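Residue strings, one per chain:
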Amino acid sequence: MPQTITLFIPCFVDQFVPEVAADMVTVLRRLGYELRYPEEQTCCGQPAFNAGFWDEARPLAERFVRVFRLAETIVCPSGSCTTMVRCFYPELLSSSPLRGEVAALGKRVFEFSEFLVDVAKVSDVGATFPHKVAYHDSCHLLRELNIRQQPRELLRHVKGLELVELNRSDECCGFGGMFAVKFPEISGAMGDVKAGHVEASGADFVAACDPSCLLHMEGILRRKGARVRTIHLASILASPAAATTDRAGQAGTAQPAMAAPGDEGGR
Amino acid sequence: MALAKPSQGAREEILGRVRQALKSPAPKRPPVPTGPLFAPVENLLERFQREAATNYMEVKLASDGAGVTAALREVLASLTEGEIFVQDTPQLRQLAADTADGRPVRWSSEGAPAESSRATVSLCEGLVALTGSVLVSSGGCGGRGISVVAPCHIVVTHAGQLFPDLESAVARAREIAFDNSYVGLITGCSRTSDIEKKLIIGAHGPQRLVVILQTN
Amino acid sequence: MTATREQEFHRQARDKAENLAHRKTVRWAIDTYDAAVARGKSRFADFEAARQRCYEIKWEAVNHLDRYLEEFEANVLKRGGHVYWAADSEQARNYVLELAAARGVKRIVKAKSMVTEEIYLNPALEKQGIEVRETDLGEYIVQLRHEPPYHIVTPVMHLSRAQVIELFREKIPDDVKGDSHEELTAAARRALRRAFFSADMGISGANFLIADTGMIAITTNEGNGRLCTSVPRIHVVFAGIEKVIPRLQDLATFWPMLATTGTGQHLTAYSTLIGGPRMASENDGPEEFHVILLDNGRSKLLADTEQREVLHCIRCGACLNACPVYRNIGGHTYNTVYPGPIGSVLTPHLRGLAEFQHLSYASSLCGNCNTVCPVKIDLSHHLLQNRRNAVEQVRPPWRLRLGMRLWRWSMMDAGRFRLAGRVGKALLRAFGGAAALKPWTEYRDLPPVPEKSFRQMWRQNGAR
């Protein structure tokens, strides 16, 4: 059982949704882990890789391998970024001098819910979140990492939380990285379909393990004027001490991305 | 009348490219042990009847020759006036004589079925319990058209022709493959759901497929 | 200036994606399909084992393609059939045009064949004054409408009954006796029976070419494939070279698999095997049998060891139904013979990467296609490889290359990364409504821009 966790905080989480990372930190600390955060980390290279620019992605991947070389257990609040390291680094770095390290690295990096349930063997993290929650299966998390039960297991143990069924929970929300802005008409339609299912579920919140899906779904739901809000699994598990409570009323564009748990006015 | 050009075309060119391409090996997934695809079929006759019901195929059981005759007479009586097309075998010659009741009969030995045939009558190469299918062949069952031209196709068979599953039925097809220019597995009636996904029974092929099965 | 393929794709995609009636129709069709497939899969003792077995048979066939093609050809010839090897569309078309001319063919009936669409066969035949009638009900309908099929298995998924009524009343008014689904099907039956019984030639495709018996396998539900191959005096088969499988016995695996993933059935109504023209002892059937084996870029794909497995495809259509992109933009938007995930992967290989790379980018890489493919083709990974190939072989616009290089440069150093983050956030705050952000903001609200990065929160108070 590891005592020290090294944090892999994806580039856009660091910059645009840092509270997700802060909430993951809250949960890990609550469970008694020592945390390390290598500040030299930047990006795993996924955007360039997905766009077909493998020559640009490769040096970033090699840099990642070096930055996390000494980390024994790495935890990440994003399914797609974890997938990049575990599933795609072997192909991307197949001719690299670092290729011998890649398989072992893949075994040391975990998505957050996967870490809690499969490694820490914890299903109840002592969270309280008295709302109706629907869970969205992010594509890479589900199909590349085979993570389906772990987030549901964790949500079922949250006090007061009612897990409602989401029709076609495994249908893509439409983000897909650059796809979201390269083919906005398709991405928007897919998001609209997903938003329809979310609204029909009767949930107060839709949760997922991928901040990228949540950014996209939040944008769609707000544009529709929907009541439902998005929330990352980490923020639910950190509740009621989630960083989201600090963000209510924060200055910025549009409305806050995540409502404060227990904020009755948000219902 | 031969074609002006040799019929082979770009054979050597294509095969050459194929052989060249295959000089480099492609990756292969690791093998995974696989057992039978379907659970073994227990009661063949019962399973055949159950599957046939889901395929809109009518199965009429008969305990003896008299029962077969009666069943065929009943089906023919339900059809409108007009010619039927029958596979030319001694058994079916006798059956037709006992049941046609003045209806004109065209035999397979005379050629192809007429477009206006009300029904066709044939034997079969076998029945498949797993799927409720009928195995037919051009040589063994009166040609190709007999199983598709008329709105009603009647198959005269017996329980000894039952195969449990596809592995055994396809093995039988393999045995007769070089003796027939057509071998087919017919699983129920012609159907389509092209329009709004609504299932309609009877598209271009028969709307009724009747299997008269002698159990003894 | 005429629109490029990619621009046209965007235009049609937007049109369909915003059309809620279209969305509803397609949803309905796919929900029906999904329910049928779920039932179909439950009939297998082990569906995943069946997929593995299909994969292994196809791997064996494609990776020994020369051997099995030669065995197939030898057996067809032994049975009195002809085999013609067509390097490209033109050779394939010319063979049948010459055959038709030599045999005095005036009317042709066709069972569905994607390969004949690929080689643009119908226009060439019609130009020679030959009447060509599609006989699969869905294909017949789109032929009357002068439009391409919407889906490789269910060609008129996009049409309502009202639209079919209107079409039939215009084109075959004497055959229409009512408005119900049954009556419309019966009307088509009447019209097409005249075609079957007056045709000189029947053309079909083949789901499989069987090497050990020199037979072709066709599966249909309607019986039109049976009539096309039983009544006219000449039968011509078009098939891609990758369709050959080693043994007839392999069909005990492929028949139920194709039926399940194609339509959710246990078996289709007619699983047909044709081996040559009628035999001397037989009472009916075509007098002549011709198989046209088409390369048209397949041997080139075979040489791409990374993507060779794309040739395993059995054209079941499952990946189309599984694809959330397809569900929203529909089959016509792709403007290719093969739409959906398989089409996006395959078309660059058959018709060129430069012109068709945009299809590989029009995907969120969700991977649902991979999970439903009966022969386990890694479709979404091949889309990624197509993208990589596009970047390497077809130079992307210099702006994009520069942008990527700049992005990489700023990510390679933590200090530059932090600076880039600060600059990016400042720009977002200042220009949140700018036109440059329209690709995001047209359909979505922007997220609020946080004050601090996680890095700053960590430094300041350990992110407590």
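Residues numbered from 1 in each chain as written. Chains lettered and ligands numbered in written order. Predicted model: local features only at pLDDT ≥ 70, side-chain atom pairs only at ≥ 80, totals over all residues.

Regarding the overall build of chain A
Condition: Only DSSP runs of H or I with at least four residues qualify as helices, and only runs of E with at least two residues qualify as strands; both kinds are numbered from the N terminus onward. With C-beta atoms placed from the backbone, the exposure class of a residue follows from how many other C-beta atoms lie within 10 Å of its own: 20 or more, buried; 12 or fewer, exposed; in between, partly exposed. Note that contacts rest on C-beta atoms placed from the backbone: two residues are in contact if these are within 7 Å.
Assigned secondary structure in chain A consists of 14 helices and eight strands. Looking at chain A as a whole, 60% of its 267 residues qualify as buried. Pairs at least 24 residues apart make up 75% of the contacts formed inside chain A by residues separated by at least 6 positions.

Let's talk about helix H1 (residues 5-17) of chain C
Just so we agree on the cut-off: What a helix should span is 1.5 Å times the count of its residues minus one. The arc under discussion is defined with respect to the helix axis, by the directions toward the C-beta atoms.
Spanning 13 residues, H1(C) covers 18 Å between terminal C-alpha atoms, matching the ideal 18 Å at 1.5 Å per step. Looking at H1(C), one finds that the buried residues are C:Phe9, C:His10, C:Ala13, C:Lys16 and C:Ala17. In a view along the axis of H1(C), the buried residues occupy a sector of 140°, so they form one face of it. Where H1(C) is buried, its residues touch helix H11 (184-200) of chain A together with helix H2 (20-42), helix H15 (324-329) and helix H17 (353-361) of chain C.

Focus: the confidence of the model for chain A
When pLDDT drops low, the exact placement of atoms in the prediction is not to be read closely. Worth spelling out the cut-off: pLDDT runs from 0 to 100 and stands for how confident the predictor is about each residue.
Summary statistics for chain A give a mean pLDDT of 91 and a share of 90% for residues scoring 70 or more. Low confidence marks residues 245-267 of chain A, where pLDDT is under 50. Its contacts with residues over four positions away, or in another chain, come to 42 contacts.

Thoughts on the interface of chain C and chain A
How big an interface is tends to be reported as the loss of accessible area on association of its parts. The criterion, for reference: For this scheme, ten residues count as nonpolar: Ala, Val, Leu, Ile, Met, Phe, Trp, Tyr, Cys and Pro. Four count as charged, namely Asp, Glu, Lys and Arg, and the remainder, Gly too, count as polar.
Taken together, the contact between chain C and chain A spans 50 residues of the former and 56 residues of the latter. Looking at the side of chain C that touches chain A, the elements that each hand over two or more residues are H1, H15, helix H18 (368-372), helix H19 (379-393), helix H20 (398-411), helix H21 (414-430), helix H22 (438-441) and helix H23 (454-461) of chain C. Looking at the side of chain C that touches chain A, the element that brings in the most residues is H19(C), giving five residues. Looking at the side of chain C that touches chain A, its residues break down into 29 nonpolar, ten polar and eleven charged.

Regarding helix H4 (residues 65-78) of chain C
Residue and element names in this part refer to chain C. Over its 14 residues, H4 runs 20 Å from end to end, which matches the ideal 20 Å to within 8%, given 1.5 Å per residue. Every buried residue of H4 is accounted for by Leu65, Tyr68, Leu69, Phe72, Glu73, Asn75 and Val76. Projected onto a plane normal to the axis of H4, the buried residues spread over an arc of 165° and lie on a single side. Following H4 by one or two positions, Gly80 has its phi on the positive side, about 90°.

What about the packing of helix H4 (residues 54-67) of chain A against H20(C)?
Condition: Only the stretch in contact is used when fitting a helix axis, every axis being a line fitted to C-alpha atoms; angles between N-to-C directions are given from 0 to 180 degrees. Should an angle lie under 35 degrees it is considered roughly parallel, over 145 roughly antiparallel, and from 65 to 115 roughly perpendicular; all remaining angles are considered oblique.
The contact between H4(A) and H20(C) brings their axes to 10 Å, and the two run at 5°. When the interaxial angle is binned, H4(A) and H20(C) end up roughly parallel. Residues A:Glu56, A:Pro59 and A:Leu60 of H4(A) touch H20(C), and the partners they reach there are C:Met404, C:Arg405, C:Arg408 and C:Met411. When grouped by side-chain class, the residues that make up the contact of H4(A) with H20(C) number four nonpolar, no polar and three charged.

Concerning the sheet that holds strand S10 (residues 288-294) of chain C
Residues and elements named next belong to chain C. Stated precisely, the cut-off is as follows: Strand pairing is assigned whenever DSSP detects at least two bridges linking the two strands.
Taken together, the six strands give an open sheet; going across it, the order is S1-S10-S7-S4-S2-S3, and neighbouring strands pair in parallel fashion. The open sheet is flanked by strand S1 (82-86) and strand S3 (131-134), the only strands paired with a single partner. Mean inter-strand twist for the sheet, computed between neighbouring axes without regard to direction, equals 20°. Relative to S10, strand S7 (residues 234-240) runs parallel, the two sharing seven bridges. Directly across from Gly240, in S10, lies its bridge partner Leu294. Running at roughly 165° to S10, helix H5 (residues 89-102) makes contact with S1, strand S4 (201-204), S7 and S10 of the sheet.

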